[in-house]
Amino acid sequence: MTDIGKALFISGLALAALGGLLWLLGRAGFQGLPGDISFQGERVKVVFPIVTCLVLSLLLTLILNLAGRR
């Protein structure tokens, strides 16, 4: 059980750090990566962060593959 607790604790810290980073980027004016699709009408704004999702997926895949090799 200590291994599961340790993994959950580290995952929680990483998630909190990622949330803080995203919050700071939003406050700094980051609107997304080039290639993200956004549509703004009179009363609605729709955003499809396709490129951002691809980059995050690539980074998480690399991190998890490197962590799994230990």
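Quick note: structure is the one above.
The following refers to the structure shown.

The rules behind each value
Residues numbered from 1 in each chain as written. Predicted model: local features only at pLDDT ≥ 70, side-chain atom pairs only at ≥ 80, totals over all residues. Heavy atoms only, no water. Helix = DSSP H or I, 4+ residues; strand = E, 2+ residues; numbered from the N terminus. Rg over C-alpha atoms; globule rule 2.2 N^0.38 Å. Buried < 20%, exposed > 50% of the residue type's maximum accessible area, 1.4 Å probe, protein only. Areas by Shrake-Rupley, 256 points an atom, 1.4 Å probe, with all protein chains shown as cover. Pairing = 2+ DSSP bridges. Expected span 1.5 Å × (residues − 1).

**Overview of the overall build of the protein chain**
When you go through the protein chain residue by residue, the secondary structure sums to two helices and two strands. Counting from the amino terminus, helix and strand elements in the protein chain follow one another as α-β-β-α. For 70 residues, the compact-globule estimate of 2.2 N^0.38 gives 11 Å, and the C-alpha radius of gyration of the protein chain, at 16 Å, exceeds that figure by more than 25%. Dimensions of the protein chain, computed from the C-alpha atoms along their principal axes, are close to 55 × 20 × 20 Å. Burial analysis of the protein chain (70 residues in total) assigns 1% to the buried set. Total accessible area on the protein chain stands at roughly 6,600 Å², and carbon and sulfur atoms take up 70% of it.

**Some words on the pairing of strand β1 (residues 37-40)**
With four bridges joining them, β1 and strand β2 (residues 45-48) adopt antiparallel strand pairing. Residue pairing in the sheet places isoleucine 37 in a bridge with phenylalanine 48 of β2. Counted along the chain from β1 to the antiparallel partner β2, the turn is four residues long.

**So, the environment of leucine 56**
With respect to the helices and strands, leucine 56 occurs in helix α2 (residues 50-68). By relative accessible area, leucine 56 is classed as partly exposed at 43%. For the pair formed by leucine 56 and isoleucine 37, sequence separation is 19 residues and the distance between their alpha carbons is 16 Å.

**Some points on helix α1 (residues 2-27)**
Between its first and last C-alpha, α1 extends 37 Å over 26 residues, near the 38 Å set by a 1.5 Å rise per residue. Among the 26 residues that make up α1, zero are buried, leaving the element largely open to the surroundings. Downstream of α1 by a residue or two, glycine 29 has a phi angle that is positive, lying close to 100 degrees.

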